[in-house]
Amino acid sequence: MQAEELTGRAIYWGTGRRKSSVARVRLVPGSGQMTVNGRPGDSYFNFNPNYLAAAKAPLETLGLENDYDILVNAHGGGLTGQSDSVRLGIARALCELDPENRAPLKLEGYLTRDPRSKERKKYGLHKARKAPQYSKR
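We now turn to the structure provided with this report. Because the structure is predicted, anything quoted here is derived from the model rather than measured.

Thresholds, definitions, all that
- Residues numbered from 1 in each chain as written.
- Predicted model: local features only at pLDDT ≥ 70, side-chain atom pairs only at ≥ 80, totals over all residues.
- Heavy atoms only, no water.
- Helix = DSSP H or I, 4+ residues; strand = E, 2+ residues; numbered from the N terminus.
- Rg over C-alpha atoms; globule rule 2.2 N^0.38 Å.
- Lys, Arg positive; Asp, Glu negative; His and termini not counted.
- Charge placed at Lys NZ, Arg CZ, Asp CG, Glu CD.
- Buried < 20%, exposed > 50% of the residue type's maximum accessible area, 1.4 Å probe, protein only.
- Polar contact = N/O pair within 3.5 Å; in protein donor to acceptor, adjacent residues only side chain to side chain.
- Contact = heavy atoms within 4.5 Å.
- Pairing = 2+ DSSP bridges.
- Axes fitted to C-alpha atoms, helices over the stretch in contact; angles between N-to-C directions.
- Phe/Tyr/Trp six-rings, centres within 6.5 Å; stacked < 30°, edge-to-face > 60°.

Secondary structure summary: the protein contains five helices and five strands in total. Secondary structure elements of the protein occur, N-terminal to C-terminal, as α-β-β-β-β-α-α-β-α-α. Over its C-alpha atoms the protein spans a radius of gyration of 19 Å, topping by over 25% the 14 Å that the globule rule assigns to 137 residues. For the protein, the distance from the average position of its 23 positive side-chain charges to the average position of its 14 negative side-chain charges is 21 Å.

Locating S21 in the fold gives a position in strand β2 (residues 21–29). Here S21 falls in the buried class, since its relative accessible area comes to 1%. At a separation of 2.8 Å, a polar atom in the side chain of S21 contacts the main-chain carbonyl oxygen of G76. Contact partners of S21, with chain neighbours within four places excluded, come to G16, H75, G76, G77, G78, G81, Q82 and S85.

This part takes up unusual backbone geometry. Phi angles above zero are rare outside glycine, and K19 is one such case at about 55°. Tracing the backbone through its elements, the reader meets K19 in the loop between β1 (12–18) and β2. For N37, which is not a glycine, the phi torsion comes out positive at approximately 50°. As for its position among the elements, N37 is in the loop between β3 (34–36) and β4 (39–40).

A few words on the sheet that holds β1. A sheet is described by the order of its strands in space; here five strands give the open sequence β1-β2-β5-β3-β4, paired in mixed fashion. Pairing within the sheet leaves two strands with one partner each, and these edge strands are β1 and β4. The strands touched by helix α4 (residues 79–97) are β1, β2, β3 and β5 (68–75); relative to β1, the strand with the most contacts, the crossing angle is about 145°.

Of note, K121 is situated in the segment after α5 (102–108). Residues in contact with K121, not counting those within four places in the same chain, are H126, K127 and A128. Among the polar contacts made by the side chain of K121, one reaches the main-chain carbonyl oxygen of L125 at a distance of 2.8 Å.

Moving on: the packing of aromatic side chains. Counting across every chain of the model gives two aromatic pairs. Measuring from centroid to centroid gives 5.1 Å for Y44 and F45, while their planes differ by 90°, and the two rings are edge-to-face. There is no split in this pair, since Y44 and F45 are both buried. Geometrically, the ring pair formed by F45 and Y51 is edge-to-face, given 6.5 Å between the ring centres and 65° between the ring planes. For Y51, a relative accessible area of 15% corresponds to the buried category.

Checked against the element boundaries, G14 lands in strand β1. Taking relative accessible area as the criterion, G14 reaches 6% and is therefore assigned buried. Sequence spacing of G14 and C95 is 81 residues, and the spatial spacing of their C-alpha atoms is 8.9 Å. With sequence-adjacent residues up to four places away left out, G14 is seen in contact with A23, R24, V25, G89, R92 and A93.

In short, the description is geometric, and any link to function would need to be established separately.
Right under this line is the structure:
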């Protein structure tokens, strides 16, 4: 990677997706700070503290929460989808870091992409399944 050659530090990449959110995650050796779209992680996910905890869960599983800085570029969807996509991206980057990390992360379910997404709207209906009100007469 070009970034590795310039800085001399190892950078590990991971891409996470959930609903309509996509998060590109970089793990860089550091002090455990998270930056999402140029903002601190606790400021970005300030609506609900569970979002930040869910995003950092793979690092806590392996005991690496203070060893790597997390740089995230997230777009699409809302905070729930983005926090879950960040979690998947971090888990994938940790697998790239060391293949032995895969077993504990898979056991916790952090490497599974959640396939649920919004169902498309059908013609003749108000929403995906909501039909117009039935009138007998």
